[in-house]
Amino acid sequence: MKEQAVLDVSRLPLHGMGAASPTWWGTAAFMLIEGSGFALAVAVYFYLMSLAETWPIDAPAPDLAPGTWLTAILVASVVPNMLISRWAKRRQLRRVQIGLVIMTLLGIAPLAFRVYEFPALHVWWDDNAYGSITWTILGLHTTHILTDLVDTVVLTCLMFTRHADNPRRYGDVQDNAMYWNFVVLTWLPLYVCLYWVPRL
Amino acid sequence: MRSKLNLRAGGLLLALPLCGCNGTQSALHAEGQAATALKGLILLIVLVCALVWIAVVGVLFWALLRRRTEFAAGNKIHDHRLRLAVYSALAATAIIVAGLTVASFYATRALYSSHPPDVIVQAKAQQWWWQFTYADSENRPLFQTANELHIPVGKDVLITLEALDVIHSLWIPALAGKQDMIPGRRNEQRLHAERQGIYRGQCAEFCGIQHSHMALVVVAEDEDDYAAWLAEQQKPAADPITAEAEAGRAVFLGKPCAACHTIRGTAAKGSTGPDLTHIGSRQTLGAGLLPVTRGSLAAWIADPQTLKPGNNMPLVPLSSDEVRQVSAYLEGLR
Amino acid sequence: MTKDDPILTPRDTDIADAELHARLMRTWTSPPGLWAAIATVDHKVIARRYIATAFVFLILGGILALAMRLQLSRPEARYISPDRYNQIFTMHGTNMMFLFAVPVMEAMAVYLVPLMVGTRNIAFPRLNAFSYWMFLGGGLLLWLSFALDTAPDVGWFAYVPLSGPEYGPGKRADLWAQMITFTEIAALAVAVEIVVTVFKQRAPGMSLDRVPVLVWAMLVMAFLVIFAMPAIMFASSTLILDRLVGTQFYNPAKGGDALLWQHLFWFFGHPEVYIIFLPAVGMVSTILPTFVRRPLFGYMLLVGALIATGILSFGLWVHHMFVTGLPRVGESFFTASSMAIALPAGAQIFCWLATIWAGKPVFRVPFLFVLGFIVTFVLGGLTGVMVASLPFDTQVHDTYFVVAHFHYVLVGGAVFPLLGAVYYWFPKMTGRMMSERLGKLSFWLIFAGFHLTFFPMHILGLIGMPRRIYTYQPELPWAGLNLFVSLSSLVLAAGFLVFFIDVVRSRRSGLPAGRNPWGASTLEWATASPPPAYNFAHIPVVFSREPLWDEKDALPVTSGLRTDRRELLVTSLAAAIPQARESVPEDSLWPFFAALATSAMLIGSIFTPWAVVWGAFPMAVTLIGWFWPKGTKEEMS
Ligand code: HEA
Ligand code: HEA
Ligand code: CUA
Ligand SMILES: [Cu+2]
């Protein structure tokens, strides 16, 4: 078939930022998948609760302290996280580098509290279904913190190399920041579910 | 025994002889209140859907074979007529499915009566047989039996359903639809036989290696026969009357059999396997596997694992004399 | 921006076709050799592998079906032991659903979507490669376990407690659950790729109301995967946890629940059947207009029906649990919602009928399969409406009536369109036509064989034959029909055999196809057959729904992309207005290594939970290797 050029695209930018970038959509799609996973875990929690005669089953309500501290840290981490995103958008390399180091630390800190969250549940995963679902929810969320932490560490290293000053990298930083917000946001309903629902 | 086939299957279904030796097991051969109502609903829905299918395929062929007038793309009148046809068909679909939904809803309501039952039987399913416990009017257990349910004709019978290991499903198609038996849950099933007869049922949820051989028979009999059966079943096991059977009892009690089976009136009090107190009066052996005869008893006892591979009764090594004796004894337990 | 100055960098403007082809080939093709073949990220190559592998699983699953039919051909037959039979039907169902039907539909999407939306590769091509290796790993895992006589034997929905720690000894159920994980990872990856390809890589001008119906169908399918698969991932992982580390999700004695499994499974399982069916709807909607020479009637209605089916499908799952004793009011709701799905299904059928009505049919093989599909699927859909009636279902649930229903919709509703699609797109994929004569023969054998095999199963179900029984007793009245079914399945198998013979023969010696042998209207026919590695020398610009029918003289295209690196266009979501010239990744071995590492971890974790811990390290290494920039042309901007 004959072709006829009707549109010249040579002046288009080489990389779209934000919603103009496929990676952004990819990240969003993965968040959708994981979000459904979390929603499902919460649904299972309430389902098991509706079957049980008492809830929690054979255990006191979990201690509030470690989980609440962790929540506070996560919520606080959103501020630098948003800042990084803005710096990345403006391509301010130095600031992004510093921000990423901070975010790495803010990724490790919640893990320290997470270690104390499991015993604070006062139930083992194999005691009963209550123990199973609470451990699973915590475990699931912990893997998300962990993977995002690894992601952040790798990205931090990358931003100190010659590959750093590149719109594509700044896009990665923004996507990583978006993902961290997601990790924080999904935690809030989980926190309510794990710590406050048993107190109802 | 009824083995006459009911041929009114909407003219759609092939006629097949239903053999009666084990009772019938067909949703189209309804002998119970629920099954009859269901059969009516089934025929109605099948008929409606058959008409819909004929209509759709008819239109398809018409559309394929009709003589074409030149079609002009974007012909407004043409498009308009087609659109009208499509929307009318959609409206018809909506009306039909709404009708079928309402019909289903009313059928469901009619199926599950809530007035108090005349008889209550407790059913416990396990891999791969059924345990039935009959109780008196105060709900005290009277006796246990296996794989065979007796019910009075014309009475409402409530079966409480439990599972002891995995999920099973009680299904006696000639009497009613099926209902699952789920560990940790308690379900119910109502049976109401309209006519005397023997109806076969089968476990309908895959439950492991011998799911295929987990059948049962339901004997629906008139009030007198039912009462007589109840009275017989409550009695302890009959004493052996021949020397061979006498020896068989000794073997049974001396071997591991007694650890798994109960024979009321003897020292055998096991509960892993079916209660054998009146095994001789039952129609089938091994959950519908074989008719109860001396020969089949002997074959079963000699090698249950070949007859029903994987079932939970182990091969207990017995001499051929012992097998003969035990089967004589069991056959006499009527 | 200086580095990318239009004057300094090589462009596709003002060069002769042959020269442009040579340059683009240099940039886009993979070198020869095994490692390069493993490293390729060309969506067409990966999709062809995917399709071929899935068809191998169809053959294997079909052979299992024949084995079952042999065993069931007469009462109390002893050809196959009960334990083997249980493995066989579990393998057949699992294999057909997870290794054939879902993957083959996704693979068709991987092949067709980028071509139909006019782009040069799928989004996230490396993820695509990874997806194929995971799929292959899951398939090998399942079939190796079958060869070792430790295949799962708990049915394709593996109900607990039968599959739980107490009643499912050995590793059989774990293998099943972990196979699920493999295939779900593969499916989720493809779903993300499809969504992003459709959202961001459509040719300029292809606004949402110009997107081909097949692409819409694949998009809805991808969203179903995204929302449904997490449920089965959660279910299979918790099953493994119950079995491996003693969690109590499904143990009623400890607050767990057997029905929880069924809710989770069917919350996925019901959408799953539309994951298989909706792509078939897309194929039919593409093939049919070509052979009646008329644009599809009711585009908007059809797209609306696709979306409606997708949304509704999440509100139906309880119709698989009608006899579990759930509250009756709730169950009645699910009868109503299941019946309601007849509306979008009907809308599709009616639109096709209207298209045929207004068109001039040409009876070629792909069209025959479409017609066979309509006749068969409507019947299967109507039996679906029957089992959707709660009281009706209490008699036929778990009987051969249901077996008949789902083969009518799966084989008639999805495999027929798929075979039609193979006949239709084979010329595009290979450059050669398949045989009309063999095609007609295989169609009639399959069509007749199918109905003779599966129609009698309705009757068998109604006269009391439960499913999943390895044998039945002679005094039951089922022997005659079963023998008939078994013999008919040989006719069906013969039809498939002819089909495969035709495929193999045509690949070598079919007639050359040319660009657009059917005179079709969508973009994939605008490029050579088979398409070059870069798909389109110039990205097309779209002004209508049927570009090749409406652009009679010349195809409008874009110009200005670079030729020395892999570049494609990113466009806006709704109106497809160009936004960027995105460069896309070159070939890489890392996805393959990542798949190996993931497989090792998943298989290890069947045996010890620690596998997750030590398995995480190789995975991290491979993933970092995957994403770490290599300083290639594609990464500059
Ligand atoms: C491609 C796969 C596919 C498709 C498309 C469907 C489509 C449908 N299915 Fe099916 N189904 C399965 C695959 C599929 N199913 C499988 C695999 C199982 C069994 C799983 C297992 O147990 O192993 C199953 C089981 C199954 C059950 C459970 C049965 C049981 O276990 O007891 C039910 C119950 O409601 C059901 C209903 C439906 C309905 C209402 C539709 C509807 O979508 C059908 C809609 C279509 C039409 C209605 C025809 C076209 C419409 C018209 C021509 C308009 C006119 C119509 C009317 C007026 C009614 N299906
Ligand atoms: C898409 C899915 C799909 C497909 C295509 C099929 C195809 C077939 N299926 Fe089945 N089936 C299922 C999905 C599918 N099935 C599912 C989900 C179950 C439920 C499992 C469960 O209960 O857990 C099931 C269950 C099931 C049963 C019930 C088993 C039982 O409950 O005990 C039966 C019984 O007859 C059956 C038969 C068949 C037959 C005869 C075919 C035929 O159509 C097969 C035809 C194909 C072939 C015969 C291949 C032929 C190829 C060759 C011969 C070529 C060889 C050539 C070369 C080497 C080049 N299937
Ligand atoms: Cu019990 Cu099947
Ligand atoms: Cu369904």
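Preceding this paragraph is the structure being described.
Here's a quick rundown of the structure.

Definitions and limits used
- Residues numbered from 1 in each chain as written.
- Chains lettered and ligands numbered in written order.
- Predicted model: local features only at pLDDT ≥ 70, side-chain atom pairs only at ≥ 80, totals over all residues.
- Heavy atoms only, no water.
- Donors = N, O, S within 2.8 Å, 3.2 Å for Na, K, Ca; no water.
- Buried < 20%, exposed > 50% of the residue type's maximum accessible area, 1.4 Å probe, protein only.
- Helix = DSSP H or I, 4+ residues; strand = E, 2+ residues; numbered from the N terminus.
- Polar contact = N/O pair within 3.5 Å; in protein donor to acceptor, adjacent residues only side chain to side chain.
- Contact = heavy atoms within 4.5 Å.
- Near = heavy atom within 4 Å.
- Nonpolar A, V, L, I, M, F, W, Y, C, P; charged D, E, K, R; others polar.
- Buried area = accessible area lost by both parts, 1.4 Å probe.
- Salt bridge = Lys/Arg side-chain N within 4 Å of Asp/Glu carboxyl O.

1. Notes on the coordination of the copper ion (ligand 4)
Residue and element names in this part refer to chain C.
Thought 1: Within the protein, His270 (ND1), His319 (NE2) and His320 (NE2) serve as the donor atoms for the copper ion (ligand 4), at 1.8 to 2.1 Å.
Thought 2: Here the donor residues for the copper ion (ligand 4) map to a single chain with the spacing H-x48-H-H.
Thought 3: The distance between the copper ion (ligand 4) and the iron atom of ligand 1 comes to 4.6 Å.
Thought 4: Classification of His319 by relative accessible area gives buried; the value is 16%.

2. Re the side chain of B:Ser296
All names here are of chain B.
Thought 1: Of note, Ser296 is situated in helix 6 (residues 294–302).
Thought 2: Using a relative accessible area of 9% as the deciding quantity, one classes Ser296 as buried.
Thought 3: Here the side chain of Ser296 touches Pro291 through a polar contact of 2.6 Å, landing on its backbone oxygen.
Thought 4: Discounting residues that sit within four places of it in the chain, Ser296 has contacts with Leu285, Leu290 and Pro291.

3. Thoughts on the site of ligand 1
Thought 1: Taken together, 37 residues form the shell around ligand 1, and within it C:Trp156, C:Tyr274, C:Asp393, C:His397 and C:His405 come nearest.
Thought 2: Chains contributing residues to the immediate surroundings of ligand 1 are chains B and C.
Thought 3: Within the backbone of C:Ala388, one N or O atom sits 3.4 Å away from an oxygen atom of ligand 1.
Thought 4: Only helix 1 (33–65) and helix 2 (76–111) of chain B together with helix 8 (258–292), helix 11 (342–358), helix 12 (365–388) and helix 14 (400–430) of chain C provide two or more residues apiece to the shell around ligand 1.
Thought 5: Considering each element in turn, the shell around ligand 1 owes the most residues, eight residues, to helix 12 of chain C.
Thought 6: In terms of residue class, the shell around ligand 1 is made up of 26 nonpolar, nine polar and two charged.

4. Section: the interface of chain C and chain B
Thought 1: Contacts between chain C and chain B engage 82 residues on the former and 85 residues on the latter.
Thought 2: Taken together, the two surfaces of chain C and chain B that pack against each other cover about 7,200 Å², and 70% of this comes from carbon and sulfur.
Thought 3: Seen at the junction of chain C and chain B, the total is two salt bridges.
Thought 4: The tally of links between chain C and chain B comes to 24 residue pairs in polar contact (both at pLDDT 80 or more).
Thought 5: Where the side of chain C that touches chain B is concerned, the elements lending two or more residues are helix 4 (82–116), helix 8, helix 10 (328–340), helix 11, helix 12, helix 13 (390–396) and helix 15 (436–462) of chain C.
Thought 6: Among the elements that take part in the side of chain C that touches chain B, helix 11 of chain C stands out by supplying eleven residues, more than any other.
Thought 7: Residue composition of the side of chain C that touches chain B, grouped by class: 52 nonpolar, 17 polar and 13 charged.

5. Some remarks on the site of ligand 2
Residue and element names in this part refer to chain C.
Thought 1: In the vicinity of ligand 2, 28 residues are found, and the nearest of them are Tyr85, His92, Trp156, His407 and Arg468.
Thought 2: One of the side-chain nitrogen or oxygen atoms of His92 is found 2.8 Å away from a nitrogen atom of ligand 2.
Thought 3: Take Tyr400: an N or O atom from its side chain is 3.5 Å from an oxygen atom of ligand 2.
Thought 4: Elements that contribute at least two residues to the shell around ligand 2 include exactly helix 3 (43–72), helix 4, helix 14, helix 15 and helix 16 (479–509).
Thought 5: Counted by class, the shell around ligand 2 contains 20 nonpolar, five polar and three charged residues.

6. Here we look at the pattern of salt bridges
All names here are of chain B.
Thought 1: Across all of its chains, the model carries 33 salt bridges over all chains by this definition.
Thought 2: Residues Glu31 and Arg195 are paired through a salt bridge, measuring 2.4 Å at the closest nitrogen-oxygen approach. Of this pair, Glu31 sits in the segment before helix 1 while Arg195 sits in the loop between strand 8 (187–191) and strand 9 (197–202), and the two are 164 residues apart along the sequence.
Thought 3: Residue classification places Glu31 among the buried positions, given a relative accessible area of 3%.
Thought 4: By relative accessible area, which is 33% here, Arg195 ends up partly exposed.
Thought 5: Arg140 serves as the salt-bridge partner of Asp136, at 3.3 Å between the closest nitrogen and oxygen.

Without other data, these values stay purely geometric and don't point to any function.
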